[in-house]
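Read off the chains here:
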Amino acid sequence: MPSQQQWNRAGLPAWTYRSERLLAVEAERVFLNHWHVVGHVNDVREPGDWLSFDLLGERALVIRGKDGGLRAFHNTCRHRGSRLVEGESGHCRGALVCPFHAWVYDLDGQLKTPSQPDKFPELDAQAWGLRRVELEVWRGLLFLRFEPGPQPAIATLMARHEQELRPYPLESLQPTDGFYSSPVTPVNWKAMVDVDNECYHCPTAHPGLSDLYGRRYEEGPWIDGTHRIRGPFNASESRHELNRHYRELVAQHPEPFASLPQAWLYIGLFPVSVLVFYPESAGFYRSIPLDATTSVMTGATYRYDGESESMREARALSQEIDAAVMDEDKHVCELHFQATASRYWEHAILGDSEKALREHHDMLRALIPELNATREPGSFESDARGA
């Protein structure tokens, strides 16, 4: 019987998935002024430990100071703009030293000295120190944004999920294999996020995942910038051997981990961050645009402090399941994205199980009203830097 629900079922128009001009506006109105999860406090445990985060031409680093405090800075030397640290994470001994001309910065960001200081006028240590980036810590997880924006504090965003997440020991999460990045995927970032906002595709695209929790899938609406998806394990035994073995291991977890829900829980944060909570591990991932038509998925997996052997083995299997899902999502994203190049495909029509996808689109529309146009406009409300 056809659905009797009345709502606007139109997806974003095709041009929004291919416009470089739009991406420049998205950078200012969607990406640089919204929160992004970048790691955990235990990724930067000791003074001098750092991690980095790149986004649409901007570069940030988070570093542990000699005073034990965490700070985020632009990963840019004040002299000639060189990247200060290279790679995803690392350690510096006592100071940050620019690899280009050896300007030296204290771990609190102050300029210590330029090399050959007699060649420069006197430089104020604070005025010529590293520029700060806004950083917040929520239950051990690190979030940053490059500019002030419309979102409240992370604790406020996450408040409605606190009760459900209370049993998970997030503050003491331990790094495992560092940060990961998918292969470059030839799709717009919104195509990657669209897939995350519905599981209508799961029975077709993810047979293994459906065998794990597909029959009891729960998805709520986007509310105040967050989105909840939960997959309780199916009541019946899994048919896939990998899933059966995984569930057998989960059943062996010791307390207090045995009391965690036998489910996979995902909390999305607008625009592109997803926090992941499993019975044996936790983590995050993000859909990051490289340009208008290529993106990557990046993230990290953490183990619970006090991990047992069954938890270690289960974590390895859940990562194997996730890797298969990532490959499957990459494939269907590419199939969808190819249609956006056609003059004969205008936009999606969404079903009742895809309302969260429409809600994410509506949040984008609220920030960029031009997304309502069926064709790319000749100009945007304001240029990218003035947005």
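Bear in mind the structure is a predicted one, so any value in this text is a computation, not a measurement.

A. Main features of the pattern of salt bridges. Enumeration over the complete set of coordinates arrives at 19 salt bridges. With a closest N to O distance of 2.7 Å, Glu-376 and Arg-21 form a salt bridge. A residue pair is termed long-range when its members are at least 10 positions apart, and Glu-376 in the segment after α9 (355–367) and Arg-21 in helix α1 (residues 20–31) qualify at 355 residues. Note on Glu-376: relative accessible area 34%, which makes it partly exposed. For Arg-21, a relative accessible area of 36% puts it in the partly exposed group. Salt-bridge contacts for Glu-237 lead to Arg-244; the nearest nitrogen and oxygen are separated by 3.9 Å. Residues joined in a network through salt bridges with shared partners are Glu-164, Glu-218, Arg-228 and Arg-230.

B. Just the nonpolar core, in detail. Grouped together as the largest cluster of nonpolar side chains are 86 residues, with contacts concentrated most on Trp-138, Phe-143, Tyr-246, Trp-264, Tyr-266, Leu-275 and Phe-277. Looking at this core, the element that brings in the most residues is helix α8 (residues 309–339), giving seven residues. Judged by nonpolar contacts, the second largest core, of 15 residues, contains Phe-73, Leu-84, Cys-98 and Trp-103.

C. A look at α1. The first and last C-alpha atoms of α1 sit only 14 Å apart over twelve residues, clearly below the 16 Å expected at 1.5 Å per residue. Taken across its twelve residues, α1 has nine buried, putting it largely inside the fold. Restricting attention to buried positions, one finds in α1 the residues Leu-22, Leu-23, Val-25, Glu-26, Ala-27, Glu-28, Arg-29, Val-30 and Phe-31. The elements touched by buried residues of α1 are β1 (36–40), β2 (49–55), α4 (189–196), β16 (281–291) and α9. The N-cap of α1, judged by a side-chain oxygen 3.3 Å from the amide nitrogen of Arg-21 a few residues on, is Ser-19.

D. Structural view of the packing of α4 against α8. Remark: α4 packs on α8, axes separated minimally by 10 Å, with the N-to-C direction vectors making an angle of 120 degrees. As summarised for this structure, α4 and α8 are arranged oblique, according to the angle between their axes. Here the hand of the crossing between α4 and α8 comes out right-handed. For the pair formed by α4 and α8, the contact residues are Ala-191, Met-192, Asp-194 and Val-195 on the first element and Asp-329, Val-332, Cys-333 and His-336 on the second.

E. Structural detail: the sheet that holds strand β11 (residues 174–181). What the seven strands build is an open sheet, ordered β11-β17-β16-β15-β14-β13-β12; its pairing is antiparallel. Because the sheet does not close on itself, it has two edges, and the strands there are β11 and β12 (218–219). Note: β11 against strand β17 (residues 294–303), five bridges, orientation antiparallel. Paired with Phe-179 across the strands is Ala-300, a residue of β17.

F. Region of interest: the packing of α4 against α9. Packing of α4 against α9 brings their axes to within 9 Å, and their N-to-C directions diverge by 140 degrees. By the criterion of interaxial angle, the relationship of α4 to α9 is oblique. The two elements α4 and α9 cross, and the hand of that crossing is right-handed. Of the residues in α9, those in contact with Trp-189, Lys-190, Val-193 and Asp-194 of α4 are Leu-357, His-360, His-361 and Leu-364. Among the residues forming the contact of α4 with α9, the class breakdown is four nonpolar, two polar and two charged.

G. Looking closely at the state of the cysteines. All chains considered together, the criterion is met by one disulfide. A sulfur-sulfur separation of 1.8 Å characterises the disulfide bridge that pairs Cys-199 with Cys-202. Note on the Cys-199 and Cys-202 pair: the S-S dihedral is about -105 degrees, so by sign convention the disulfide is left-handed. Side by side, Cys-199 and Cys-202 carry an identical accessibility label, which is buried. The cysteine Cys-92 is free of any disulfide, with Cys-98 supplying the nearest cysteine sulfur at 13 Å. Accessibility expressed as a relative area gives 10% for Cys-92, which makes it buried. Left unpaired, Cys-98 is separated from the closest cysteine sulfur, that of Cys-77, by 3.8 Å.

H. Main features of the side chain of Gln-174. In this structure, Gln-174 sits in strand β11. The residues touching Gln-174, leaving out its near neighbours within four places in the chain, are Asn-42, Arg-45, Tyr-302, Arg-303 and Asp-305.

I. Geometry of the side chain of Gln-151. Position of Gln-151 relative to the elements: it lies in the loop between β10 (141–145) and α2 (154–157). Polar contacts involving the side chain of Gln-151 include one to the main-chain amide nitrogen of Trp-35, which spans 2.8 Å. The contact partners of Gln-151, leaving out residues within four places of it in the chain, are His-34, Trp-35, Arg-145, Leu-157 and Phe-270.

About the cut-offs
- Residues numbered from 1 in each chain as written.
- Predicted model: local features only at pLDDT ≥ 70, side-chain atom pairs only at ≥ 80, totals over all residues.
- Heavy atoms only, no water.
- Salt bridge = Lys/Arg side-chain N within 4 Å of Asp/Glu carboxyl O.
- Helix = DSSP H or I, 4+ residues; strand = E, 2+ residues; numbered from the N terminus.
- Buried < 20%, exposed > 50% of the residue type's maximum accessible area, 1.4 Å probe, protein only.
- Core = buried A, V, L, I, M, F, W, Y, C linked by side-chain atoms within 4.5 Å.
- Expected span 1.5 Å × (residues − 1).
- Contact = heavy atoms within 4.5 Å.
- Polar contact = N/O pair within 3.5 Å; in protein donor to acceptor, adjacent residues only side chain to side chain.
- Axes fitted to C-alpha atoms, helices over the stretch in contact; angles between N-to-C directions.
- Parallel < 35°, antiparallel > 145°, perpendicular 65-115°, else oblique.
- Left-handed = near helix turned anticlockwise from the far one by under 90°.
- Pairing = 2+ DSSP bridges.
- Nonpolar A, V, L, I, M, F, W, Y, C, P; charged D, E, K, R; others polar.
- Disulfide = S-S within 2.5 Å.

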